[in-house]
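Structural description and commentary
Here is what each chain is made of, one letter per residue.
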Amino acid sequence: PRYFALIPAAGVGARMAADGPKQYLSVGGKPMLRHALDAFLASPLIAHTYVVVSPDDGQIDAVLPPAGVTVLRCGGATRMDSVLNALRALQGAVGEGDMMLVHDAARPGLTPALIAKLIAGVAGHPAGGLLALPVVDTVKRSTAAEAGPGAAVGSGSGSGSGPGPGPAKVATVPRDGLWLAQTPQMFSYALLARALGAATDASAITDDASAVEALGLSPRLVEGHPRNLKVTLPADIRIAEMYLAEPQ
Ligand code: C5P
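The text that follows walks through the structure, step by step, so that each part is easy to find. All values reported here derive from a predicted model rather than from experimental measurement. Throughout this document, residue positions are counted from 1 along each chain, in the order its sequence is written. Reporting in this predicted model follows two pLDDT cut-offs: at least 70 for local features of residues, and 80 or more for side-chain atom pairs to be given and counted; totals over whole chains, interfaces and linings ignore these cut-offs and use all residues.

**Considering the overall build of the chain**
- For the chain, the count of helices and strands is seven helices and eleven strands.
- Across the 248 residues that make up the chain, the buried fraction comes to 39%.
- Contact between two residues is assigned whenever their backbone-derived C-beta positions fall within 7 Å. Sequence-distant contacts, at least 24 apart, represent 68% of the contacts inside the chain between residues at least 6 apart. Only DSSP runs of H or I reaching four residues or more are called helices, and only runs of E reaching two or more are called strands; each is numbered from the N terminus. Whether a residue is buried, exposed or partly exposed follows from its count of other C-beta atoms within 10 Å of its own C-beta, namely 20 or more, 12 or fewer, or something in between, respectively; the C-beta atoms are built from the backbone.

And the structure:
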């Protein structure tokens, strides 16, 4: 197969509280999105790179490298919509058996070595696969049913912060076998289009792999790297810059 990169970059980055979409924030002297584009352009395994932006995006042209990237102006309301719209736009240009590496614009630490590791690790696996990291923290679950005001402290969207009669019931989730999903996530064009096209509950589909899993398939997990973190909060930019300053 051929390998194509697809970067959904049509988000608004609400959690960054910054001016404008986070993929255009400067990280280590370059817009965040440009780091991801450059990683794919530097990989000899990638046939072509596509980026999906919203139809009214006015910043993408200033971020593009001189050659090698095609812009698709068909971003949607959710990440899933953006990826699915892009797949539809690529129908014919990409073969059914070609592989799509879908990568978040918010992960500037990707390297050609990680791209190669993903491709080698997933080769021949019909359900595709993704970079991921084993969970190192002890994981707690706060059960919403018994959650009361103040039971879970913080501003997150955690299920334990809703109203209710008493304190949340807290339990420890054994971390054995738990992984944190990264991107790129790689699937054949046909499988990814089928999985995203079949997804009914967009809120349950937080990455491409979850849509494939909903078909009853098990994508392969390939160990990624902490440098491939997702920039979500303002302080993540400094962590990303620290990794970007390191040799790859
Ligand atoms: O906001 P979050 O970090 O989850 O976004 C993940 C990726 O999905 C980002 O690259 C973002 O630009 C992209 N996205 C998109 N279309 C949307 C929402 C997010 O392409 N409607």
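There is more to say after this.
**Topic: the nonpolar core**
- To define a nonpolar core, we join buried Ala, Val, Leu, Ile, Met, Phe, Trp, Tyr and Cys residues through C-beta atoms within 7 Å and take the resulting set. The biggest cluster of nonpolar side chains holds 61 residues, and the ones touching the most others in it are Leu6, Val52 and Met100.
- If we ignore the near neighbours within four places in the chain, the residues touching Leu6 are Tyr50, Val52, Val83, Ala86, Met100, Leu101 and Val102.

**Let's talk about the pairing of strand E10 (residues 179-188)**
- Inspection of the sheet shows strand E6 (residues 99-102) paired to E10 by four bridges, in the antiparallel sense. Opposite Val102, over in E10, you have Gln185 as the bridge partner.
- Two strands pair when backbone bridges link them, and strand E7 (residues 129-134) and E10 are joined in this way by five bridges, in the antiparallel orientation. By the bridge assignment for E10, Leu133 is matched with Leu180. For two strands to be treated as a pair, DSSP must find at least two bridges joining them.

**Things to note about the pairing of strand E4 (residues 48-52)**
- Burial runs high along E4: four of the five residues are buried.
- When E4 meets strand E5 (residues 69-72), the two strands line up parallel, connected through four bridges. Within the sheet, the bridge partner assigned to Thr49 lies in E5 and is Val69.

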